[in-house]
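Structure assessment
Each chain is listed here by its residues.
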Amino acid sequence: MSHLTEAALPGDPESKLFFDSLLNAAVLQGMEGNTSAEGTEGRHRSTQQKVENKHEEKVQDPNREGDKTEAEMGSKTWADLAGEMKTFLWNPEERTCLGRTAKSWGLILLFYFVFYTCLAGMFAFCMYVMLLTLSPYTPRYRDRVSPPGVMIRPYLNGFTIAFNVSQPSTWQPYVDSMHHFLAAYDDKVQEEKNIKCTSGRYFIQGGNESEKKKACQFKRSLLQNCSGIEDPTFGYSRGQPCILLKMNRIIGYRPGAGVPVSVDCKVQKGNESDLRSVDFYPGNGTFDLMYYPYYGKITHVNYTSPLVAMHFTDVKKNYLVPIQCSLNGKGIINDVNSDRFLGRIIFTLSIGK
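Within an unreviewed UniProt entry, the label attached to the chain reads Sodium/potassium-transporting ATPase subunit beta, and the organism entered is Patagioenas fasciata monilis. Turning to the chain, the UniProt record has this under Sequence similarities (unreviewed entry): "Belongs to the X(+)/potassium ATPases subunit beta family." The UniProt entry for the chain carries the following comment under Function (unreviewed entry): "This is the non-catalytic component of the active enzyme, which catalyzes the hydrolysis of ATP coupled with the exchange of Na(+) and K(+) ions across the plasma membrane."

Below is the structure:
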């Protein structure tokens, strides 16, 4: 460009100097433009690189943001947490309790009230329909009722009756238990509430099942030496204790198939001479048929179960004697090893001097 200038103005030194100044200014401006473009491009590359680096950091450590949030939560004080809980329980700005407004609570409570009311109604209706099929007087299904079990009185500390004749405090609780149990069998009570029946046959009562049934008298005096009338200690003061045995009640059951069920006792394990003598009352230790069948506690109100008293007059002293008393009769089962109360009972006598 300088050659062109010189060729155009060969003979003018001042013009040459002017054009040289313009040329230098143009060159400097171009250099500055190139430098600015390079700086802008460099800044753009630097910004892009920073963005890429941040993206790489996020990819390399995705949990950093979660850690930061946890750190911020962990930095809260107990006062902050208490304040948040207080606001959750009652927010005065939004007027909410536990996050719900009064309208929301009313709707949800109404829903559950209607829901559980319908549920209770369905349950009550099902129970009502089921009860319509049942009789309050007689069980619907009695085909699987086992023969009767038996129980003894007195029953204080399990099935071991132990006492010393010379220490009344050891046998007095048994005597008190016997008097309490036989109170319902007092002769006057039986004469007032029950009737005399014909011995030796079932007392079958017809009519509607809801009608009140009559009960036969079982007087305490029938137990004779074990009645507690002549001997208020039932023989315990003399080392000859009385024990009462009764059959469990079964509605409609007729034991013995027309023949009275009897009772016998023996030593379960050991020497048979440990039990030398036992007296049975009433009679020869039988359950009279006139006390059967039983019609249930709703209609057979004054019914008292018949008893058999066992008077152990001669038992080995100062020794544990295991005794088994069993029912005997047609239809009676007394040899099931898995059930010690079905048709029999096992207890232990220990009589000290």
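Turning to the packing of aromatic side chains, a few remarks are in order. Considering all chains together, one arrives at 14 aromatic pairs under this definition. With 5.3 Å between their ring centres and 45° between their planes, Phe 159 and Phe 341 make a pair best called tilted. Here the residue Phe 159 occupies a position in the loop between strand 1 (150-153) and strand 2 (160-164), and Phe 341 occupies one in the loop between strand 8 (320-328) and strand 9 (344-352), the gap between them amounting to 182 residues. Using a relative accessible area of 30% as the deciding quantity, one classes Phe 341 as partly exposed. A centroid spacing of 5.2 Å and a plane angle of 55° characterise the contact between Phe 163 and Tyr 236, whose relative ring orientation is tilted. With a gap of 73 residues between them, Phe 163 in strand 2 and Tyr 236 in the loop between helix 7 (187-193) and strand 3 (242-247) connect regions that are remote in the sequence. The pair Phe 163 / Tyr 236 is uniform in exposure class, with both members buried. Taken together through their ring pairs, the aromatic side chains of Phe 111, Tyr 112, Phe 115 and Tyr 116 make up a single cluster. Positioned over the ring face of Tyr 295 is Lys 213, at 5.2 Å from the centre of the ring.

Looking now at the UniProt feature "transmembrane region" (unreviewed entry) in the chain. UniProt records the feature "transmembrane region" (unreviewed entry) for residues 105-134 in the present numbering. When the span residues 105-134 is considered, its composition is 93% helix and 0% strand, and the gap between its end C-alpha atoms is 43 Å.

Turning our attention to the layout of surface pockets. Space inside the largest pocket adds up to approximately 200 Å³. What lines the largest pocket is a set of 16 residues, and nearest its centre among them are Thr 138, Glu 209, Lys 213, Ile 251 and Tyr 295. For the lining of the largest pocket, the class distribution of residues is six nonpolar, six polar and four charged.

Pairing within the open sheet is antiparallel, and its four strands lie in the order 1-3-7-5. Looking at strand neighbours, the two that pair on one side only are strand 1 and strand 5 (275-281), the edges of this open sheet. The mean angle between the axes of side-by-side strands here comes to 30°, regardless of whether they run parallel or antiparallel. In this sheet, strand 7 (residues 308-315) lies alongside strand 5 in antiparallel orientation, the contact comprising six bridges. Within the sheet, the bridge partner assigned to Leu 275 lies in strand 7 and is Val 315.

Ranked by size, the top nonpolar core spans 55 residues in total, and within it Phe 312 and Phe 347 carry the most contacts. Take this core: its biggest share by element is six residues, from helix 6 (residues 168-182).

This structure, assessed with the given rule, holds three disulfides. Between the sulfur atoms of Cys 197 and its disulfide partner Cys 216 the distance amounts to 1.9 Å. Its S-S torsion of approximately -95° makes the covalent link between Cys 197 and Cys 216 left-handed. You can see Cys 197 sitting in the loop between helix 7 and strand 3 and its partner Cys 216 sitting in the loop between helix 7 and strand 3, a full 19 residues away along the chain. With a relative accessible area of 22%, Cys 197 lands in the partly exposed category. Note that Cys 265 is cross-linked by a disulfide to Cys 325, the S-S spacing being 2.0 Å. On the sign convention where negative is left-handed, the bridge of Cys 265 and Cys 325, at about 110° about the S-S bond, is right-handed. Of the two residues, Cys 265 is situated in strand 4 (residues 261-267) and Cys 325 in strand 8; the sequence distance between them amounts to 60 residues. Note on accessibility: Cys 265 and Cys 325 belong to one class, buried.

Cut-offs and rules
Residues numbered from 1 in each chain as written. Predicted model: local features only at pLDDT ≥ 70, side-chain atom pairs only at ≥ 80, totals over all residues. Heavy atoms only, no water. UniProt positions renumbered as here; feature names shortened; annotations may be inferred. Phe/Tyr/Trp six-rings, centres within 6.5 Å; stacked < 30°, edge-to-face > 60°. Helix = DSSP H or I, 4+ residues; strand = E, 2+ residues; numbered from the N terminus. Buried < 20%, exposed > 50% of the residue type's maximum accessible area, 1.4 Å probe, protein only. Lys NZ or Arg CZ within 6 Å of the ring centre and 35° of its normal. 1 Å grid on protein atoms, 1.4 Å probe; cavity = no way out; pocket = protein on both sides within 12 Å on 5 of 7 lines; lining within 4 Å. Points joined across faces, edges and corners; volume = space filled by probe spheres on them. Nonpolar A, V, L, I, M, F, W, Y, C, P; charged D, E, K, R; others polar. Pairing = 2+ DSSP bridges. Axes fitted to C-alpha atoms, helices over the stretch in contact; angles between N-to-C directions. Core = buried A, V, L, I, M, F, W, Y, C linked by side-chain atoms within 4.5 Å. Disulfide = S-S within 2.5 Å.

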